[in-house]
Amino acid sequence: MLVAFRFEEGGIRPLHSHLNSQVSYVAEGTFDVTVDGETVRLGPGSSFVRRAAPRSWVVAVTEGILIDTFNPRRDDFLETQ
């Protein structure tokens, strides 16, 4: 599953955990990314890998876009009809 997330400056994806593997690509902007208590600052063209289950959170230092891939897909992101 491929998902694009747009963040305003200062936007936060709160501390969370899920059973999906994740690869994220910084398409625009600067982000502080914390996975399992380790924080790194990432800019355009950077990426990170998050295995299933660790706790993570993201803070948008500037306005930006993250492109996330999930395996398996995130059913919680799908709208029910």
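Residues numbered from 1 in each chain as written. Predicted model: local features only at pLDDT ≥ 70, side-chain atom pairs only at ≥ 80, totals over all residues. Heavy atoms only, no water.

Read from one edge to the other, the open sheet built from four strands follows the order E1-E8-E3-E6, with strand pairing classed as antiparallel. Either end of the sheet is taken by a strand with one partner, and the two such strands are strand E1 (2–7) and strand E6 (47–50). Within the sheet, the average angular offset between the axes of one strand and its neighbour, ignoring direction, is 20°. Pairing of strand E3 (residues 21–28) with strand E8 (residues 64–71), which is carried by seven bridges, proceeds in the antiparallel orientation. Bridge assignment links Val-26 to a residue of E8, and that residue is Leu-66. (Pairing = 2+ DSSP bridges. Helix = DSSP H or I, 4+ residues; strand = E, 2+ residues; numbered from the N terminus. Axes fitted to C-alpha atoms, helices over the stretch in contact; angles between N-to-C directions.)

Its location among the elements puts His-18 in the loop between strand E2 (12–16) and E3. In terms of polar contacts, His-18 uses its side chain to reach the side chain of Arg-50, at 3.4 Å. Looking at His-18, its side chain comes within polar contact range of the side chain of Arg-74, at 3.3 Å. (Polar contact = N/O pair within 3.5 Å; in protein donor to acceptor, adjacent residues only side chain to side chain.)

Empty space within the largest pocket amounts to approximately 160 Å³. If you trace the largest pocket, you find 17 residues lining it, with Arg-13, His-16, Gln-22, Val-58 and Asp-68 closest to the centre. Elements with a minimum of two residues in the lining of the largest pocket: E1, E2, E3, E6, strand E7 (56–60) and E8. No other element matches the three residues that E8 contributes to the lining of the largest pocket. Residues belonging to the lining of the largest pocket are distributed by class as follows: eight nonpolar, five polar and four charged. (1 Å grid on protein atoms, 1.4 Å probe; cavity = no way out; pocket = protein on both sides within 12 Å on 5 of 7 lines; lining within 4 Å. Points joined across faces, edges and corners; volume = space filled by probe spheres on them. Nonpolar A, V, L, I, M, F, W, Y, C, P; charged D, E, K, R; others polar.)

The next point concerns the pattern of salt bridges. Counted under the stated rule, the structure contains three salt bridges. For Arg-73, the salt bridge is made with Asp-75, and the minimal N-O distance between the two is 2.4 Å. Judged by relative accessible area, Arg-73 falls into the exposed class, the value being 52%. (Salt bridge = Lys/Arg side-chain N within 4 Å of Asp/Glu carboxyl O. Buried < 20%, exposed > 50% of the residue type's maximum accessible area, 1.4 Å probe, protein only.)

Here we come to a negative patch on the surface. Where like charges cluster on the molecular surface, the negative patch consists of Glu-8, Glu-9, Glu-28 and Glu-63. Checked against the element boundaries, Glu-63 lands in the loop between E7 and E8. (Patch = residues over 30% accessible without salt bridge, like charges linked within 9 Å, V, L, I, M, F, W, Y side chains within 5 Å. Areas by Shrake-Rupley, 256 points an atom, 1.4 Å probe, with all protein chains shown as cover. Lys, Arg positive; Asp, Glu negative; His and termini not counted. Charge placed at Lys NZ, Arg CZ, Asp CG, Glu CD.)

Let us now look at the environment of Leu-78. Tracing the chain through its elements places Leu-78 in the segment after E8. Considering only alpha carbons, one finds Leu-78 and Leu-42, 36 residues apart in sequence, at a separation of 28 Å. Not counting chain neighbours up to four residues away, the residues in contact with Leu-78 comprise Met-1 and Arg-73. (Contact = heavy atoms within 4.5 Å.)

As far as function goes, none of this settles anything; it's purely spatial.
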